[in-house]
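# Geometric and topological summary
Next come the chains, spelled out residue by residue.
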Amino acid sequence: MSAHSEETPELIEAGQFIEAAPTVLEAGAEAAGQRLDQWLASALGPDMSRSRVQMLIRQGAVSIDGKPVDETKRKMSAGERVSVVMPEPEPAEPQGEPIALDVLHEDDELIVINKPAGLVVHPGAGNWTGTLVNALIHHCGDSLSGIGGVRRPGIVHRLDKETSGVMVVAKTDRAHKALSEAFADHGRTGDLERAYLALVWGIPSRPTGTVDAPLGRAADRVRRAVVPEGRDDARHAVTHFTVKERFAEGQQAFATASLVECRLETGRTHQIRVHMAHIGHPVIGDPDYGQAFRTKANRLPELLKGQVKAFSRQALHAWLLAFRHPATHLSMRFEAPIPGDMEELVGGFRKL
């Protein structure tokens, strides 16, 4: 029987990194009152980011005194025994593929790219090849980072398949840890800045606003939805928006629309798309959260109506990403222009 099996857990000193699973750590007096995720990230050592620890907790990989816990903010008590089930690295690794990349910046620590719409970020069910990870492996070789069995070398944040824009990918474990922590914090205590442009139906009643509404799984278990705050899967989600342009304002004959800039205070799956739909302004072309507004295209001039109906993705683009470099500590800022298909659609609305 392995010395790391659940039946014979091994106690280790805080600060020693664990690679096998499960392993048990015993909380000392200094742990009393600390949040579970904070204490565990410190106990597991410098190679384990807090965001990764939070993911393990939410996946049910952490138990205290034999009872599973899924609350990252749970307060610790001295003497508690915390068991961590570390996932084994997946044996099958994605292969490099010669897929063209629009590289905005690259150095020994990281690479910044302008992701096109239609490119899946990492391999998964139905998309085992042809992904950004496959392209990065081919482009960067063996220098990409991979931590704790995650099958996304160097990936610290994602964009939906049909969302375009700026992404940063770590090429070293040091960069992976620093960037993961920055994205987990969403810039509240650091220099991370993320901004998106969304073409949405209608015109918000205020030029600026904030959507503060928790997100969880929708009834179909695939999409996301705004859910009651007390629900088990509810996750805090906040989006700030600013209306940049208004289209067909004051014209009764046509459907109105807006170009809106969105900035994330949290980073939940499909957050902007769900939040904008929640306030009655879904992203144009969104196949998951904008279906109820598809008929609005019928109230547009014939040419623009055809453009909208032919636009087969959500009109959402990550135009800005700024962060502090994990090695040089210099502030870095990258912008990506709206891609041609979305710019053409916005141009059509400007003519109303």
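Residues numbered from 1 in each chain as written. Predicted model: local features only at pLDDT ≥ 70, side-chain atom pairs only at ≥ 80, totals over all residues. Heavy atoms only, no water.

Taken as a whole, this structure holds 20 salt bridges when the rule is applied. For R35, the salt bridge is made with D37, and the minimal N-O distance between the two is 2.6 Å. Looking at D37, the relative accessible area reads 0%, which means it is buried. Overlapping salt bridges bring together E193, E261, R263, R333 and E335 as one network. (Salt bridge = Lys/Arg side-chain N within 4 Å of Asp/Glu carboxyl O. Buried < 20%, exposed > 50% of the residue type's maximum accessible area, 1.4 Å probe, protein only.)

Our next topic: empty space enclosed by the protein. Unfilled space is identified by rolling a water-sized probe across the atoms. Per the stated rule, a full pass over the model turns up one cavity of 30 Å³ or more. Its volume calculated, the largest cavity comes out at about 30 Å³. Taken together, H157, L159, V166, R194, A195, Y196, A318, L320 and L321 make up the full set of residues lining the largest cavity. Elements supplying a minimum of two residues to the lining of the largest cavity: β9 (193–201) and β15 (316–324). For the lining of the largest cavity, the residue count by class is seven nonpolar, one polar and one charged. (1 Å grid on protein atoms, 1.4 Å probe; cavity = no way out; pocket = protein on both sides within 12 Å on 5 of 7 lines; lining within 4 Å. Points joined across faces, edges and corners; volume = space filled by probe spheres on them. Helix = DSSP H or I, 4+ residues; strand = E, 2+ residues; numbered from the N terminus. Nonpolar A, V, L, I, M, F, W, Y, C, P; charged D, E, K, R; others polar.)

Counting residues in each nonpolar core, the largest one holds 51 residues, and the members touching the most others are L199, W201, I284, L300, V308, L345 and F349. Among the elements that make up this core, the one with the highest residue count is β9 (seven residues). The next biggest cluster of nonpolar side chains, apart from the first, holds 21 residues, and it includes A31, L36, A61 and V84. (Core = buried A, V, L, I, M, F, W, Y, C linked by side-chain atoms within 4.5 Å.)

Buried within helix α2 (residues 50–58) are the following residues: R52, V53, Q54, L56 and I57. Check the buried side of α2 and you find it contacts α1 (36–43), β3 (62–64) and β5 (81–84). (Contact = heavy atoms within 4.5 Å.)

Applying the stated criterion across every chain, the model contains three aromatic pairs. Where W201 meets F349, the ring centres are 6.2 Å apart and the plane angle is 80°; that geometry is what we call edge-to-face. Of the two residues, W201 is situated in strand β9 and F349 in helix α7 (residues 340–350); the sequence distance between them amounts to 148 residues. Across this residue pair, the class does not change: W201 and F349 are buried. Where F247 meets F349, the ring centres are 6.0 Å apart and the plane angle is 40°; that geometry is what we call tilted. (Phe/Tyr/Trp six-rings, centres within 6.5 Å; stacked < 30°, edge-to-face > 60°.)

This part takes up the confidence of the model for the chain. Across the chain, pLDDT averages 87, with 87% of residues at or above 70. Of the regions scoring below 50 in pLDDT, residues 1–20 engages in 40 contacts with residues more than four places distant in sequence or in other chains. (pLDDT = per-residue confidence, 0-100.)

Another point: the pairing of strand β7 (residues 110–115). Of all six residues in β7, six are buried; the element is thus mostly enclosed. Across the two faces of β7 the burial is the same, with L110, V112 and N114 and I111, I113 and K115 all buried. Of the pairings in the sheet, the one linking strand β6 (residues 103–106) to β7 comprises three bridges and is antiparallel in character. Looking at the pairing, H105 lines up with V112 of β7. The loop that links β6 with its antiparallel partner β7 comprises three residues. Of the strand pairs in this sheet, β7 and strand β8 (residues 164–170) are connected by six bridges, and their pairing is antiparallel. From the neighbouring strand, N114 faces β8, where its bridge partner is V166. (Pairing = 2+ DSSP bridges.)

Its 13 residues give helix α4 (residues 173–185) an end-to-end C-alpha distance of 18 Å, which sits within 8% of 18 Å, the value for a rise of 1.5 Å per residue. Every buried residue belonging to α4 is among A175, H176, L179, S180 and F183, and all of these are buried. The arc that holds every buried residue of α4, seen down its axis, measures 125°, which confines them to one face. H186 occupies a position one or two residues after α4 and carries a positive phi of about 55°. (Expected span 1.5 Å × (residues − 1). Arc of directions from axis to C-beta.)

As a further point, take unusual backbone geometry. Non-glycine residue H270 carries a positive phi angle of around 60°. Tracing the sequence through the fold places H270 in the loop between β14 (257–264) and α5 (271–278). A relative accessible area of 17% places H270 in the buried class. Phi angles above zero are rare outside glycine, and H329 is one such case at about 65°.

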